[in-house]
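Here is how the chains run, residue by residue.
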Amino acid sequence: APAPPSPPVASDPAPPMDAPPPASEAERKQVTILCAGLELSGGAEVDPETRMAAVDPAFAEMAALVRRYGGSPGGGMATGLVAVFGAPMAYEDHALRACRAALALRDALAGRAGAPAPSIALHSGEVVIRPGADGVEAIGPVVALAAKLSRLGSGGSVLVTAETARRAEGFL
């Protein structure tokens, strides 16, 4: 009988588990980024398990609403959600879809006992899109600006940049 293959040894190189996808899988796209930050009353003093119990259901509901409007919820921020409208599926009206999703998110979580009020921001422009662990990952200044604006807003607010308003205008 032939000898069984030898098992791999520790010196065999293995690809890193978090290796980025090849550059050939990344592409530039025009999209709208929605960032929804969640704040709990009590701020940084909230116990981590209490925070998780309040935020997890909100994340699940926000992700479902984003999908309903054609967006792709991605990996989030530590206390919020980042979603891409216009990738991987391209929509000409991605800015309008993001605006409608933002209002639906705000209204769905408003006034719900124990639910954190989201501070939502939208910004549109060109990003690099690549496959990510949770769908697609958008990279670029457009994402950074949307995230920064979501941190500036107060709970229940929706901030829309002039660029996103311009792109949504023709569809209203």
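Computed from a prediction, not measured in an experiment: that's the story for all the values here.

Calculation notes
- Residues numbered from 1 in each chain as written.
- Predicted model: local features only at pLDDT ≥ 70, side-chain atom pairs only at ≥ 80, totals over all residues.
- Heavy atoms only, no water.
- Phe/Tyr/Trp six-rings, centres within 6.5 Å; stacked < 30°, edge-to-face > 60°.
- Lys NZ or Arg CZ within 6 Å of the ring centre and 35° of its normal.
- Pairing = 2+ DSSP bridges.
- Helix = DSSP H or I, 4+ residues; strand = E, 2+ residues; numbered from the N terminus.
- Contact = heavy atoms within 4.5 Å.
- Polar contact = N/O pair within 3.5 Å; in protein donor to acceptor, adjacent residues only side chain to side chain.
- Salt bridge = Lys/Arg side-chain N within 4 Å of Asp/Glu carboxyl O.
- Buried < 20%, exposed > 50% of the residue type's maximum accessible area, 1.4 Å probe, protein only.

### Considerations on the packing of aromatic side chains
Using the criterion set out here, one finds 0 aromatic pairs in the structure. Between arginine 97 and the ring centre of tyrosine 91, over which it is positioned, the NZ or CZ distance is 3.6 Å.

### A few points about the pairing of strand β4 (residues 117-132)
Direction of pairing for strand β1 (residues 27-39) relative to β4: antiparallel, over a ladder of 13 bridges. Among the inter-strand pairings, glutamate 39 is bridged to a residue of β4, identified as alanine 117. Relative to strand β6 (residues 158-160), β4 runs parallel, the two being bridged by 3 bridges. Bridge pairing in β6 places alanine 121 opposite leucine 159. Inspection of the sheet shows β4 paired to strand β5 (residues 135-139) by 5 bridges, in the antiparallel sense. Of the residues in β5, the one forming a bridge with proline 131 is valine 136. Where β4 folds back onto β5 in an antiparallel hairpin, the turn is made up of 2 residues.

### Some remarks on the environment of valine 55
Structurally, valine 55 is set in helix α1 (residues 48-68). When the C-alpha positions of valine 55 and leucine 38 are compared, they lie 7.5 Å apart, and in sequence the two are 17 residues distant.

### A look at unusual backbone geometry
Residue proline 88 is bonded to the preceding alanine 87 through a cis peptide linkage, with omega at 0 degrees. For proline 88, the position within the fold is in the loop between β3 (80-85) and α2 (94-109).

### What about the environment of arginine 167?
Along the chain, arginine 167 turns up in helix α4 (residues 162-169). Each C-alpha atom, one on arginine 167 and one on aspartate 93, is 7.8 Å from the other, the two residues being 74 residues apart in sequence. In this structure, arginine 167 is in contact with Gln30, Val31, His94, Ala95, Ser124 and Gly125, ignoring residues within four places of it in sequence. Among the polar contacts listed, one links the side chain of arginine 167 to the side chain of glutamine 30, at a separation of 2.8 Å.

### Here's the deal with the pattern of salt bridges
A complete count under the given rule lists 6 salt bridges for this structure. The shortest N-O distance in the salt bridge between aspartate 107 and arginine 106 comes to 3.1 Å. The class for aspartate 107 is partly exposed, based on a relative accessible area of 47%. Accessibility expressed as a relative area gives 28% for arginine 106, which makes it partly exposed. Taking the shortest distance from any N to any O, the salt bridge between arginine 166 and glutamate 163 comes out at 2.6 Å. Here glutamate 163 and arginine 166 lie together in helix α4, a separation of 3 residues that amounts to about one turn. Among the charged side chains, a salt-bridge network with shared partners connects Glu163, Arg166 and Arg167.

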